[in-house]
Amino acid sequence: MRRAEKEKEEEGSEMISDREGGKEILLQGNEAIARGALEAGVAFCAGYPGNPSSEIIENLAKASQRLPIYVEWSVNEKVALEAATAASFAGCRAMACMKQNGVNVTSDFLTNLSLSGTKGGLVLVSCDDPGGISSTNEEDARWFARLACIPLLEPATPREALEMTRWAFVLSEAIENIVLLRSVSRLSHTRSNVLIRGLPEFDVKARFDPDIPFHTFPVVDKDRARHEKLNRAAHDFETSVFNSYDGPENPELLIISSGCAWSYARESVEILRLEERVGLLKMGTTWPLPQELLKRHLRQCDQILFVEEIDAFLEDNVKAFCADAGEETGTKVFMGRSSGHIPLCGELSPSILLQVLGEHFDQAWEQDRFQAHVNSLMPEDLPPRAFGFCPGCPHRGSYYAIKTALAWDNRDGFVSGDIGCYSLGLFPTGFNQVKSVHAMGSGLGLASGYGKLDLFGFDQPVITVCGDSTFFHAGLPGLINAKFNRADILLLILDNSATAMTGFQPHPGIDTTAMGQPTDPVDLESLCRSLGMPVEVADPYDINESARTIYGLLKQEGPRVLVMRRKCALVQGREGGFPYRMRVDPDACAGEECGCNRYCTRIFRCPGLIWNTLSKKAEIDSVICVGCGICADICPQGAIERTVVEEE
Amino acid sequence: MAMALNIIITGVGGQGNVLASQIIGRAAVNRGYNVTIGETFGLSQRGGPVMSHIRLSENKTCGPLIPPNMAHMVVGLEPLETLRVLKEFGNSETVFIANARPIYPLNVIAGDVEYPDLEWIRDVLDQSAGRLYWLDATDTAVELGGPIMLNMILLGALCSLSPFPLDTGDIETVLTAFLPDSKLPANIKALAMGAELIHRYEN
């Protein structure tokens, strides 16, 4: 019975492996990219999870249950691209998928790969995150197309994401080089009707031809060849269906736009009824520039507005082109990020475009009156909803134990943080314990540096925290560096047995691969012990014992590791939940008279433990509390009770 | 339908917002609409706000974001998040279906800021929007088996409104296709309860 039910659930979510095609289905941007790759007959897909890119590999991994393709979560993005490239060198179509930060990780390989060239169609997908909605930055990965001298495609809708991905493999094979396809959060996480076509036979045979090696020598010749390949792409782009113009022959304003920002521009033009005055050039192939096409449109109009996500990429490149083609195109007034017409930072929106166009054409936006009405009723800003750890999250326990141990230690110690849910240790939900967060694995590298500062009088203890997946990704070199250079470093691996932040993808510490195959997990403790450093294990749910263990380790020297091990609360919730029913005993809770100044809710900040403003006492929010039991240990009165839930 | 029917579902991570919007989307595709759903979730599993923009059109593909103050309908799973949507996306004709049960932000729990008075939230919505349905839907969800049923109850409420291009039958068809048989009856019951809540509110 259970098995039959599971199959039904998967059938619903696996429309992307439909062999027949010829119908319209609702697909997310990332699903459309996955489907486009399948329609191109992709054989090999690899990636590292990261919002907003994760669903591409997740969906391909599901499709691998039905189709003869290989899909993996790699240890990091560089390895993902290298593994996919091996398939390309052996003549297979391959794809590597990641978020913008991941492209940085690939960059050393990428800029050399584009010199050697490729064989089977090879596509690198970067899902950028304007506004850093779920990222440490809002980096624009499109610059890597210029840097590595490779073609760049920017879909604007899920439908186009599918079409463009499919074509990207054809382009890659035609010019024998890798192609970069750039999505953004707002496209990756948008669902829309998408027309799917049939899937090919997937009858590829992988073979590396030893007579055709792939390398970068002689460098100058290879660089010249790389530019020639780019010129071939530019030639194809001149007639590409992914570039289109909509508007009058001689508009008062020409908008040059790419990606889903194009849809904001289009709708704003419609809402302000500017269709007869504004021309909209939608660019899908954004590097190299299709110069003849651009010349034609630039001749139409002298006022140019650039609408694109994150950096002034098209803007700068088109301006540079105009400097060369000035005689043919004439003098222009450029508006965009450089001129201040478009906000320099942050995500675009219809609201911004309405404002920009409204001001340019001196048209008021009619909804201002409604906003003024609401403002009169709602004078103050609404309280923000700050991010926090989930109810039951082991990280809350880990940071509580760290906070306690550092306070006992009393030497101004602090935490060097890393990338994952536990980055929130920067904020009150993690008791503000984390003092730096940058890139995957950087917490360890920084800690290995702090660990050598004793030479200059540095005497503060430093704890570096790192998730299990992040540790495998890029943490290990930092730890080895600390070991080799005899740095004083205390590493806490926050092992929740999942890449929790991005949706529980498997990693090398898990016993199952992306395709659901059993594998031998890498044992964290043995790995660290093999480096010759002491390793202890603690349970974040036992905050008192964990704090004592951390305190003891702070007193020691040299590289040492503590694994804080407890399953992610969301995973635990799915696997049967928690053992406790929590209750605040109203007679034991002394309320505002206690002297603890609402310690439990003011400091601990679990969403399941709230303050009743009428009774002026703490209570459990039974809709939110999952029953992990941690908070029973924090009340000075012992008023928080945990009782074991009896099996019903 | 003029340009598009714009619907917002707003709430907090874990309330089933994204699933509810996908179900509407699939039902609308089955009915032949051009559908676009923009999902904003970021760190949603970490207690942050989650908002879906659902846009149905007969003849064009819409962008992923509803332009300012152009939402026709708003489904609010949480009162504070519902109020947040009002100023940016509401207008004097917008229909609001609002669940009355708050989920307190951490800064409210900690005592840094106060959660707005619920009656005040209700008044502001009432005095600004075209129509307001203020429902104790979490209580109903708990009666039906747990707070997780909330999204289906409010979907049922939405589909019972007139005019709305989808009915509960369209939603049931989608649910039947991808929910396991054992979960189907409770969800269908929740849809009916949502319609019932609207009916009771109107009378």
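For clarity, every value in this text was computed on a predicted model and none was experimentally measured. (Residues numbered from 1 in each chain as written. Chains lettered and ligands numbered in written order. Predicted model: local features only at pLDDT ≥ 70, side-chain atom pairs only at ≥ 80, totals over all residues. Heavy atoms only, no water.)

Caption draft 1: Spatial organisation of the overall build of chain A. Looking only at helices and strands, chain A has 21 helices and 24 strands in total. Since a compact globule built from 648 residues should have a radius of gyration of about 26 Å, the 28 Å found for chain A is in line with a globular shape. Here chain A, with 648 residues, has 58% of them falling under the buried criterion. The contacts in chain A between residues at least 6 apart in sequence include a share of 80% that link residues at least 24 apart. Total accessible area on chain A is roughly 26,700 Å²; 50% of this is exposed by carbon and sulfur atoms. Charge-centre separation for chain A: the mean point of 63 positive side chains lies 3 Å from the mean point of 89 negative side chains. (Helix = DSSP H or I, 4+ residues; strand = E, 2+ residues; numbered from the N terminus. Rg over C-alpha atoms; globule rule 2.2 N^0.38 Å. Buried < 20%, exposed > 50% of the residue type's maximum accessible area, 1.4 Å probe, protein only. Contact = heavy atoms within 4.5 Å. Areas by Shrake-Rupley, 256 points an atom, 1.4 Å probe, with all protein chains shown as cover. Lys, Arg positive; Asp, Glu negative; His and termini not counted. Charge placed at Lys NZ, Arg CZ, Asp CG, Glu CD.)

Caption draft 2: Up close: the domain arrangement of chain A. With domains assigned, chain A is organised as domain 1 (13-237), domain 2 (244-368), domain 3 (394-574) and domain 4 (580-644). The straight-line distance from the C-alpha centre of domain 2 of chain A to that of domain 3 of chain A is 47 Å. (Domains from an automatic or database assignment.)

Caption draft 3: A look at the packing of helix α5 (residues 137-144) of chain B against helix α6 (residues 150-159) of chain B. Residues and elements named next belong to chain B. Between α5 and α6, the shortest axis-to-axis distance is 9 Å and the interhelical angle comes to 120°. With respect to each other, α5 and α6 are oriented oblique. Once α5 is placed against α6, the crossing between them reads as right-handed. Residue-level inspection shows A137, T138, T140, A141 and L144 of α5 in contact with α6, the latter providing L150, I153 and L154. Taken together, the residues of the contact of α5 with α6 break down into six nonpolar, two polar and no charged. (Axes fitted to C-alpha atoms, helices over the stretch in contact; angles between N-to-C directions. Parallel < 35°, antiparallel > 145°, perpendicular 65-115°, else oblique. Left-handed = near helix turned anticlockwise from the far one by under 90°. Nonpolar A, V, L, I, M, F, W, Y, C, P; charged D, E, K, R; others polar.)

Caption draft 4: How the structure looks around the interface of chain A and chain B. Contacts between the two partners involve 65 residues from chain A, matched on the other side by 73 residues from chain B. In total, chain A and chain B occlude about 6,000 Å² of area from one another, counting both sides; carbon and sulfur atoms represent 60% of this. There are 22 residue pairs in polar contact (both at pLDDT 80 or more) connecting chain A and chain B. The residue makeup of the side of chain A that touches chain B, split by class, is 32 nonpolar, 18 polar and 15 charged. Relative to strand β2 (residues 34-40) of chain B, strand β8 (residues 190-196) of chain A is paired through three bridges, and the arrangement is antiparallel. Paired with S192 of chain A across the two strands is T36 of chain B, which belongs to β2 of chain B. (Buried area = accessible area lost by both parts, 1.4 Å probe. Polar contact = N/O pair within 3.5 Å; in protein donor to acceptor, adjacent residues only side chain to side chain. Pairing = 2+ DSSP bridges.)

Caption draft 5: Representation of helix α7 (residues 158-175) of chain A within the structure. Residues and elements named next belong to chain A. When the terminal C-alpha atoms of α7 are compared, their 25 Å separation across 18 residues agrees well with the 26 Å that a helix rising 1.5 Å per residue should span. The set of residues buried in α7 consists of P158, E160, A161, L162, M164, T165, R166, A168, F169, L171, S172 and I175. E176 sits one or two residues past α7 and shows a positive phi near 55°. (Expected span 1.5 Å × (residues − 1).)

Caption draft 6: Just the pairing of strand β2 (residues 44-47) of chain A, in detail. Residues and elements named next belong to chain A. Going residue by residue along β2, you find F44 and A46 tucked away on one face and C45 and G47 tucked away on the opposite face as well. Once you follow β2 into helix α3 (residues 55-63) and on to strand β3 (residues 70-73), the crossover reads as right-handed. Bridging between β2 and strand β4 (residues 94-99) involves four bridges; their strand directions are parallel. Counterpart to G47 in the pairing with β4 is C97. (Right-handed = clockwise from strand over helix to strand, strands pointing away.)

Caption draft 7: Geometry of the nonpolar core. Residue and element names in this part refer to chain A. Among the nonpolar cores identified, the biggest contains 50 residues, and Y399, I402, I463, V465, L492, I550 and I640 are the most heavily contacted of them. Split by domain, the residues of this core number at least three in each of domain 3 (394-574) and domain 4 (580-644). The contacts of I550, once residues within four sequence positions are left out, are A401, I402, A405, I463, L490, L492 and L562. (Core = buried A, V, L, I, M, F, W, Y, C linked by side-chain atoms within 4.5 Å.)

Caption draft 8: The sheet that holds strand β13 (residues 303-307) of chain A, seen in detail. All names here are of chain A. Strands sit in the order β9-β11-β10-β13-β14 across an open sheet of five strands; the sheet is mixed. Looking along the sheet, the strands with just one partner apiece sit at the ends: β9 (244-246) and β14 (333-335). Neighbour-to-neighbour, the strand axes of the sheet open up by a mean angle of 20°, direction not taken into account. Pairing of strand β10 (residues 253-258) with β13 involves four bridges; the strand directions are parallel. Each residue of the ladder has a partner; that of S257, found in β13, is V307. This element, helix α13 (residues 350-360), spans β10, β13 and β14 of the sheet and lies at about 170° to β13.

Caption draft 9: Focus on the packing of aromatic side chains. Taken as a whole and judged by the stated rule, the model has 19 aromatic pairs over all chains. Consider the rings of W143 of chain A and F313 of chain A, whose centres lie 5.0 Å apart with planes at 75°: the pair is edge-to-face. Placement of W143 of chain A in helix α6 (residues 143-148) and of F313 of chain A in helix α12 (residues 313-329) is noted, with a sequence separation of 170 residues between them. With a centroid separation of 5.3 Å and 85° between ring planes, the pair formed by Y104 of chain B and Y115 of chain B is classed as edge-to-face. Pair noted here: Y104 of chain B is in the loop between β5 (95-99) and α3 (106-109) and Y115 of chain B is in the loop between α3 and α4 (118-128), with a separation of eleven residues, a long-range link. By way of ring pairs, the aromatic residues F89, F208 and F214 of chain A are connected into one cluster. Looking at R642 of chain A, its charged tip hangs above the ring of Y580 of chain A, at a distance of 5.7 Å from the centre. The ring of F178 of chain B carries R26 of chain B above its face, with NZ or CZ at 4.9 Å from the centroid. (Phe/Tyr/Trp six-rings, centres within 6.5 Å; stacked < 30°, edge-to-face > 60°. Lys NZ or Arg CZ within 6 Å of the ring centre and 35° of its normal.)

Caption draft 10: Broad picture of α4 of chain B. Of the positions making up α4 of chain B, those classed as buried are I121, V124, L125 and S128 of chain B. Viewed along the axis of α4 of chain B, the buried residues span an arc of 95°, placing them on a single side of the element. Those residues of α4 of chain B hidden inside the fold are in contact with α14 (368-377) of chain A together with α2 (79-89), β5 and β6 (131-135) of chain B. (Arc of directions from axis to C-beta.)

Caption draft 11: Here's a closer look at the sheet that holds strand β20 (residues 560-565) of chain A. All names here are of chain A. Strand order in the open sheet formed by six strands is β16-β15-β17-β18-β20-β19, with parallel pairing between adjacent strands. In this open sheet, the two edge strands, each paired with only one partner strand, are β16 (434-436) and β19 (535-538). Averaged over all pairs of adjacent strands, the angle between strand axes in this sheet comes to 30°, irrespective of strand direction.

Caption draft 12: Representation of unusual backbone geometry within the structure. Going from F217 of chain A to P218 of chain A, the amide bond is cis rather than trans, its omega being -10°. Looking at the element boundaries, P218 of chain A is found in the loop between β8 and α9 (219-237). Of note, the bond from S162 of chain B into P163 of chain B is cis; its omega dihedral lies within 30 degrees of zero at 5°. Among the structural elements, P163 of chain B can be located in the loop between α6 and α7 (168-178). Unlike most non-glycine residues, N432 of chain A shows phi in positive territory, near 50°. Mapped onto the secondary structure, N432 of chain A falls in the loop between β15 (414-416) and β16. Exposure remark for N432 of chain A: the relative accessible area of 35% places this residue in the partly exposed category.

Caption draft 13: Spotlight on the packing of α7 of chain A against α9 of chain A. Residue and element names in this part refer to chain A. Axis separation between α7 and α9 bottoms out at 9 Å; the angle between their running directions is 135°. One element, α7, and the other, α9, form an angle in the oblique class. Crossing of α7 over α9 shows right-handed handedness. When α7 is examined against α9, the residues W167, L171, A174 and I175 are found in contact with a partner set consisting of K229, R232, A233, D236 and F237. Class assignment of the residues belonging to the contact of α7 with α9 gives a composition of six nonpolar, no polar and three charged.

Caption draft 14: A look at the pattern of salt bridges. All names here are of chain A. Within the structure shown, the criterion is met by 46 salt bridges over all chains. For D140, the salt bridge goes to R182, with nearest N and O atoms at 3.3 Å. A residue pair is termed long-range when its members are at least 10 positions apart, and D140 in the loop between β5 (122-128) and α6 and R182 in strand β7 (residues 179-184) qualify at 42 residues. With a relative accessible area of 3%, R182 lands in the buried category. (Salt bridge = Lys/Arg side-chain N within 4 Å of Asp/Glu carboxyl O.)

Caption draft 15: Fine view of a negative patch on the surface. Together, D117, E119, D123 and D126 of chain B give the surface a local cluster of negative charge. By the secondary structure assignment, E119 of chain B is in helix α4. (Patch = residues over 30% accessible without salt bridge, like charges linked within 9 Å, V, L, I, M, F, W, Y side chains within 5 Å.)

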